[in-house]
Amino acid sequence: AGAIGSLVGVGGGVIISPIIGAACKSLPQRVVSGTSLAAVIATGSASGYVYWSNGYVDLTSAAVIGASALLTASAGAAATHKFDCAKLRWFLGWWLYLVAVIVPAKAALEAYRQMEPQDQQQQQQQQPALCVLLALP
């Protein structure tokens, strides 16, 4: 989880939580989430330092994201007590589905936007439905 998470920039919710949940089905989802978040402290700190030392961290963005996470994370953790563990696993599963669609769609959109205009026109002729989606702002 550490190497893959650091490589692609994802945390415990995407890698560690599903693995623990599948391997330890009797573990309550709250324990899975808490364990995953505690483990991410180490991987996030180590990989974050390497990215920062190589100049790959936008400190302003990191500060804004970090501050908003600090303000809202405790509310999310507290909310886990309002749901049963089956509902929490269901939510995690649907969240992963959502992210699984968004990440490649974003990559395709960026690749399309970086194409030369004549390449975009040729692409539109080959795949009109895809281009309609990618032309959205």
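This text follows the structure it describes.
Here the structure is a predicted model, which is why all the values come from computation and not from measurement.

Rules behind the numbers
Residues numbered from 1 in each chain as written. Predicted model: local features only at pLDDT ≥ 70, side-chain atom pairs only at ≥ 80, totals over all residues. Heavy atoms only, no water. Axes fitted to C-alpha atoms, helices over the stretch in contact; angles between N-to-C directions. Helix = DSSP H or I, 4+ residues; strand = E, 2+ residues; numbered from the N terminus. Parallel < 35°, antiparallel > 145°, perpendicular 65-115°, else oblique. Left-handed = near helix turned anticlockwise from the far one by under 90°. Contact = heavy atoms within 4.5 Å. Phe/Tyr/Trp six-rings, centres within 6.5 Å; stacked < 30°, edge-to-face > 60°. Buried < 20%, exposed > 50% of the residue type's maximum accessible area, 1.4 Å probe, protein only.

Caption draft 1: Here's a closer look at the packing of helix 2 (residues 16-23) against helix 3 (residues 29-53). Packing of helix 2 against helix 3 brings their axes to within 9 Å, and their N-to-C directions diverge by 140°. Comparing the axis directions of helix 2 and helix 3 gives the class oblique. In this structure, helix 2 crosses over helix 3, and the sense of that crossing is right-handed. Counted together, I16, S17, I20 and G21 of helix 2 and V32, S33, T35, S36, A39 and V40 of helix 3 form the full contact between these two elements.

Caption draft 2: Focus on the packing of aromatic side chains. Across all of its chains, the model carries three aromatic pairs by this definition. Consider the rings of Y49 and W52, whose centres lie 5.9 Å apart with planes at 40°: the pair is tilted. One end of the pair, Y49, and the other, W52, are both in helix 3, three residues apart, so they sit about a helical turn from each other. W52 gets classed as partly exposed once you look at its relative accessible area, which sits at 48%.

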